[in-house]
Number of protein chains: 2
Amino acid sequence: MPTDPSIRLDALETLDAIDRHGSFAAAAAALYRVPSAVSYTISQLESELGVAVFDRSGHRAVLTPAGRLLLDEGRRILTATQELGSAVRRLADRWEPQLRVAIDATMPPSAFWPLVASFTARHPRIDLVLREEVLAGSWEALIEDRVELAVGVTEPPAHEGIRRAPLGTLSFVFCCAPGHPLAAAQTPIDDETIRAHRALVVADSARHFNERSGNLLDGQPRLTVSGMRTKIEAIERGLGVGYCPAGWVAEAVAAGRLVELETVRTPEPRPTWVLWRRGDRGRALIWLIDALTESARAN
Amino acid sequence: MPTDPSIRLDALETLDAIDRHGSFAAAAAALYRVPSAVSYTISQLESELGVAVFDRSGHRAVLTPAGRLLLDEGRRILTATQELGSAVRRLADRWEPQLRVAIDATMPPSAFWPLVASFTARHPRIDLVLREEVLAGSWEALIEDRVELAVGVTEPPAHEGIRRAPLGTLSFVFCCAPGHPLAAAQTPIDDETIRAHRALVVADSARHFNERSGNLLDGQPRLTVSGMRTKIEAIERGLGVGYCPAGWVAEAVAAGRLVELETVRTPEPRPTWVLWRRGDRGRALIWLIDALTESARAN
DNA sequence: CAGTTTCGTTCAAATTATTTGATCGACTAT
DNA sequence: ATAGTCGATCAAATAATTTGAACGAAACTG
């Protein structure tokens, strides 16, 4: 039972014009219409609604309380409709209304935030949704259509329908707090020495497949946290040790809040990637991929 | 420059019908219209928008991404419009869309919450906004048009344009924590004895005129808090003493968390009132006043 | 106070917009 | 193959809106 709309947008436009110009006549002039046409539109609206929108008992018509409600809320509807119109037009022009991005927890914040700033400055109408993901999380979010772009993924599995571009390199630094026992140990530190201390681990944010594991040495006690920021804070507080992305800890090491230690089995620097699904990329996605890989090439 | 609306609601209705019934033809049948009329509406929409809403390259028309966005967001606009229509009709029928109520902090919660529950059950479409106010706060909120109703006010000043109905009586009980020194004092306690201990005071929530004061004894150290609940918790924790509305402390006294003490100058029970502005009362307001005063008469 | 302007309504006529119904070509399912 | 369904198109019919002229009521104007 599709209720036919008792309120029509052009009636709301007319109502708005009457309010803004002060009278039916002035509204008519502003709308390039004759006053009787405005009268007609409003009385049409009133009879469909079954409600008096104007009180005509005096000389000039004045809004009733119901009319005031209709006007105030109607204006929201009008702007929402115009917004929708332009969002649809932009989408047809391949500018997506929203872009969802998974950012791998290893991505140093300093590398990504400036890009976010210039994105939002350049594309103010596009909603940007950022999710921090860990290990397989970004990959899964991309595969499962929860994001359009995954940034900073290492060693992505080959997969039909996923494209990628190189972003940069991720190197790890083994860290502990200055007061931690390992800070005084003989370097390079071997696995067995490390294994005696609690390791800080960032939990994989993948919901379904947890096939990957981090830099873990078996039998080592763990403290698992849910984000890189928390992991580093925990290490700073001496709660454990671990390999951290170089970009995340450079400042803390320079400030003396963390100590960088050479280890026997230092992990190789790994290439990181930007990933997206094959198929029609919107312009905002293209812009972001370009900006990411360009800043990568510049380095 | 009133942009004429490129999107019309009946086009959105048609779009919705096509999506729900699966084809132009089925939508036409559902709308009691001929298929070509549906075609006409949609191509009208598309040409005004300058965007293809359907992809007609295959046998059946299928929504483009832009069309999908238009449909999804358009549905919101449709329901918002219908809601607006019925809100306007209800308002014309004197059912206000929103009712704002100031509740004096002395009102025992047990007296008011059941009423709120039955209000929301009976009037699900009416937004109820409750604000707790202290001393002159309710009065001021009413005078300044920030609420339609003030509940539980004591000794309202006479004022042109404010109506009232009796609600009940408010009696005060002097309380302290079981471990507080006053708990062991000789009763009835006189003012001088009280004055040696910190008084808990609820801050007046009036913004402009603070003409009223509570049950204060001069020279007494105070601890001022911003709500009755906080005041009572503070007394329970032994942070001070004070007169409290009987309805607020009965349970704590019964449970032994508070001690009720007889004092020399026990305040008289005061009548409390329900207040509203003279003039057109909406039906929800009338309902609430009736319910409040009826439950008052029952006691 | 009379004259003038502005207000908003009403009505028939003119103009526009939508709906109909018939027809068509393309594709599906039997 | 052969209905049957889908959606587009077009002229004609119908419906809705806009116009323009006329009107009464109220508010200015001098």
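Here the structure is a predicted model, which is why all the values come from computation and not from measurement.

Analysis parameters
Numbering of residues starts from 1 in each chain and follows the order in which that chain's sequence is written. Chain labels run from A onward and ligand labels from 1 onward, assigned in the order the entries are written. Only residues with pLDDT of at least 70 get local features here, since the model is predicted, and only at 80 or more are side-chain atom pairs given and counted; chain-wide, interface and lining totals rely on the full set of residues. Side-chain measures here rest on the full set of heavy atoms in the structure, leaving out hydrogens and waters. Counting from the N terminus, the helices are DSSP H or I runs at least four residues long and the strands are E runs at least two residues long. Any helix carries an expected span of 1.5 Å times its number of residues minus one. Throughout, exposure labels follow a simple rule: accessible area from a 1.4 Å probe, protein chains only, divided by the maximum for the residue type, with under 20% read as buried, over 50% as exposed, and the rest as partly exposed. This arc corresponds to the set of directions leading from the helix axis out to the C-beta atoms. Here the copies were fitted onto each other by least squares, based on C-alpha atoms from residues at pLDDT of at least 70 in both. Nearness here has a simple test: a residue counts as near a molecule or strand if at least one of its heavy atoms is within 4 Å of that partner. We define a polar contact as two N or O atoms separated by no more than 3.5 Å, with the added condition that, inside protein, one atom must be a possible hydrogen donor and the other a possible acceptor, whereas residues neighbouring each other in sequence contribute only through side-chain atom pairs. Each residue is assigned to one class: nonpolar for Ala, Val, Leu, Ile, Met, Phe, Trp, Tyr, Cys and Pro, charged for Asp, Glu, Lys and Arg, and polar for all the others, Gly among them. Only heavy atoms enter the contact rule, under which two residues are in contact if any of them lie within 4.5 Å. Take the accessible area each of two parts loses on contact, using a 1.4 Å probe, and add the two losses: that sum is the buried area. Take a side-chain nitrogen of Lys or Arg and a carboxyl oxygen of Asp or Glu: if they are within 4 Å of each other, that pair is a salt bridge. Think of it this way: a Phe, Tyr or Trp ring, Trp meaning its six-membered ring, pairs with another when their centres are within 6.5 Å, and the plane angle makes it stacked under 30 degrees, edge-to-face over 60, tilted otherwise. Strand pairing is assigned whenever DSSP detects at least two bridges linking the two strands. For helices, the fitted line uses only the C-alpha atoms of the stretch in contact; every axis is such a line through C-alpha atoms, and the angle between N-to-C directions lies from 0 to 180 degrees. Should an angle lie under 35 degrees it is considered roughly parallel, over 145 roughly antiparallel, and from 65 to 115 roughly perpendicular; all remaining angles are considered oblique. Delimitation of the domains relies on an automatic or database domain assignment.

Enquirer: Before we move on, could you go through helix α3 (residues 35–49) of chain A and cite the residues and values that matter?
Expert: Residues and elements named next belong to chain A. Spanning 15 residues, α3 covers 21 Å between terminal C-alpha atoms, matching the ideal 21 Å at 1.5 Å per step. Taken as a whole, α3 has its buried residues at V38, T41, I42, L45, E46 and L49. Seen along its axis, α3 keeps its buried residues to an arc of 130°; they face one direction. For α3, exposure combined with an orientation more than 90 degrees from the buried face picks out S36, Y40 and S47.

Enquirer: Just give me the short version of the relation of the copies chain A and chain B, but keep the residues and values in it.
Expert: One copy of the chain maps onto the second through a rotation around an axis plus a translation along that axis. In screw terms, the move from chain A to chain B is a rotation of 180° and a rise of 0.0 Å along the axis, fitting with an RMSD of 0.2 Å. Both copies are brought into coincidence by an operation consistent with a two-fold rotation axis.

Enquirer: Report on the protein's contact with DNA strand C, specifying residues and quantitative values.
Expert: F24, S39 and R56 of chain A together with S36 and Y40 of chain B are the nearest of the 19 residues found near DNA strand C. Each atom of DNA strand C within 4 Å of the protein was assigned to sugar, phosphate or base; sugar and phosphate come to 60%. For DNA strand C, a phosphate oxygen lies 3.0 Å from a polar atom in the side chain of R8 of chain B. Between S36 of chain B and DNA strand C, the recorded distance is 2.9 Å, taken from a side-chain N or O atom to a base oxygen. Top contributing element to the surface near DNA strand C by residue count: helix α3 (residues 35–49) of chain B, with five residues. Each residue belonging to the surface near DNA strand C can be placed in one class, and the counts come to seven nonpolar, eight polar and four charged.

Enquirer: Can you lay out the interface of chain A and chain B for me, pointing to particular residues and giving the numbers?
Expert: Counting from both sides, the interface comprises 31 residues of chain A and, opposite them, 32 residues of chain B. Of the roughly 2,600 Å² buried where chain A meets chain B, counting both sides, 78% is carbon and sulfur surface. The interface formed by chain A and chain B includes zero salt bridges. Joining chain A to chain B, the criterion identifies four residue pairs in polar contact (both at pLDDT 80 or more). Elements represented by at least two residues in the side of chain A that touches chain B include exactly α1 (9–21), α3 and α4 (65–92) of chain A. Here the side of chain A that touches chain B gets 17 residues from one element, more than from any other, and that element is α4 of chain A. Across the side of chain A that touches chain B, the residue classes tally to 19 nonpolar, six polar and six charged.

Enquirer: Quick one: what's the story with the packing of aromatic side chains, residue by residue and with numbers?
Expert: All names here are of chain A. Following the criterion strictly, the structure yields six aromatic pairs over all chains and no others. Between F174 and Y243, the aromatic rings sit 4.9 Å apart at their centres with planes inclined by 65°, giving edge-to-face as the arrangement. Within this pair, whereas F174 is found in strand β7 (residues 172–176), its partner Y243 is found in strand β10 (residues 242–245), the two being separated by 69 residues in sequence. For F174, a relative accessible area of 3% corresponds to the buried category. Overall, the relative accessible area of 11% leaves Y243 in the buried class.

Enquirer: I'd like a description of the protein's contact with DNA strand D, backed by residues and values.
Expert: Neighbouring DNA strand D are 19 residues, the closest being S36 and Y40 of chain A together with F24, S39 and R56 of chain B. Taken together, the sugar and phosphate atoms account for 63% of what DNA strand D places within 4 Å of the protein. Measuring from a phosphate oxygen of DNA strand D, one finds a side-chain N or O atom of Y40 of chain A at 2.6 Å. Taking A25 of chain B, its main chain carries an N or O atom lying 3.2 Å from a phosphate oxygen of DNA strand D. At the level of secondary structure, the elements contributing two or more residues to the surface near DNA strand D comprise α3 of chain A together with α2 (24–30) and α3 of chain B. The element that contributes the greatest number of residues to the surface near DNA strand D is α3 of chain A, accounting for five residues. Considering only residue class, the surface near DNA strand D consists of seven nonpolar, eight polar and four charged.

Enquirer: Residue-level account of the sheet that holds strand β3 (residues 98–104) of chain A, with values.
Expert: All names here are of chain A. The mixed open sheet is built from five strands, whose spatial order is β4-β3-β5-β12-β6. Since the sheet does not close on itself, it has two edges, and those belong to β4 (127–133) and β6 (162–170), each with one partner. Taking the axes of each pair of neighbouring strands and ignoring which way they run, one obtains an average angle of 20° across the sheet. Here β3 pairs with strand β5 (residues 149–154) via three bridges, running parallel. Opposite V101, over in β5, you have L149 as the bridge partner.

Enquirer: With reference to specific residues and values, describe the packing of α4 of chain A against helix α4 (residues 65–92) of chain B.
Expert: Each packed pair of helices is defined by two parameters, the angle between the axes and the distance between the axes. In the contact formed by α4 of chain A and α4 of chain B, the axes pass within 10 Å of each other and the chain directions differ by 180°. Classified by the angle their axes make, α4 of chain A and α4 of chain B are roughly antiparallel. Tallied by class, residues from the contact of α4 of chain A with α4 of chain B come to 22 nonpolar, four polar and two charged.

Enquirer: Got a sec to walk through the domain arrangement of chain A? Specific residues and values, please.
Expert: Residue and element names in this part refer to chain A. Here the domain parsing of chain A yields domain 1 (9–92), domain 2 (98–169 + 271–298) and domain 3 (172–268). Taking the mean C-alpha position of each, domain 2 and domain 3 sit 26 Å from one another. Of the roughly 1,500 Å² buried at the junction of domain 2 and domain 3 (both faces included), carbon and sulfur atoms supply 56%. Among the residues domain 2 hides against domain 3, the three largest losses belong to V134, L135 and E140. Together they make up 34% of the total. For the interface between domain 2 and domain 3, the tally reads zero salt bridges. Of all the elements in the fold, those that place two or more residues in the side of domain 2 that touches domain 3 are β4 and α6 (136–143). The biggest single contributor to the side of domain 2 that touches domain 3 is α6, with four residues. Class assignment for the residues of the side of domain 2 that touches domain 3 results in eight nonpolar, three polar and seven charged.

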